[in-house]
Amino acid sequence: MAAWKDVLNEKGLEVRDNQWAEGNWSSASGAQAAEKLFEQYSEMDSIFVANDQMALSALLTAHTKGLRIPEDIGIVGFDNIPESAYFSPPLTTVQQDQYEIARIAMEEMIKIIESGWQGLDPVNPKSIMLPPTLVVRQSSLRVKEKEGGVLA
């Protein structure tokens, strides 16, 4: 959420309370949050969802409202769960290397444990940023019409 606000502010765009809705990571909460967004922010043209499970229910909610994805609204999730590629349309999502996250977390935890065993000063917490990968699929691909043809 902080990153979303930062990017909007950097682009000179206003952050408004009607532009977001909170879920609890479940499919049901994703549907409820999408419903709330459709009611309070009718001019939106895309939704970025914090996990794929909620994003898939947002896809369904948009579909039940008669919206075409991605022509009327684009939807992007976060996780790249296997089901994301097999939904209709397939979900664009952000993927993080879960193996690498776990490996680094274990290395850091071992350092903390070993420092205690060796009587060393406690290891200070630190942030480690791992670059995500955007997996682009049809749920976010807009086709623009132009005179005499179509641009993708």
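The following paragraphs examine the structure supplied in this document. Remember, predicted model here, so these are calculated numbers, not experimental data.

1. A short note on the pairing of strand E2 (residues 74-78)
Point 1. Most of E2 is tucked away, with four of its five residues classed as buried.
Point 2. Relative to E2, strand E1 (residues 46-48) runs parallel, the two sharing three bridges. Counted as the bridge partner of isoleucine 47 is isoleucine 75 from E2.
Point 3. What joins E1 to E2 is helix H3 (residues 52-64), and the crossover it makes is right-handed.

2. Some points on the packing of aromatic side chains
Point 1. Considering all chains together, one arrives at one aromatic pair under this definition.
Point 2. Taken together, a centroid distance of 6.5 Å and an interplanar angle of 85 degrees make the contact between phenylalanine 48 and phenylalanine 78 edge-to-face. Pair noted here: phenylalanine 48 is in strand E1 and phenylalanine 78 is in strand E2, with a separation of 30 residues, a long-range link.
Point 3. Overall, phenylalanine 48 belongs to the exposed group, its relative accessible area being 54%.

How each quantity is defined
- Residues numbered from 1 in each chain as written.
- Predicted model: local features only at pLDDT ≥ 70, side-chain atom pairs only at ≥ 80, totals over all residues.
- Heavy atoms only, no water.
- Buried < 20%, exposed > 50% of the residue type's maximum accessible area, 1.4 Å probe, protein only.
- Helix = DSSP H or I, 4+ residues; strand = E, 2+ residues; numbered from the N terminus.
- Pairing = 2+ DSSP bridges.
- Right-handed = clockwise from strand over helix to strand, strands pointing away.
- Phe/Tyr/Trp six-rings, centres within 6.5 Å; stacked < 30°, edge-to-face > 60°.

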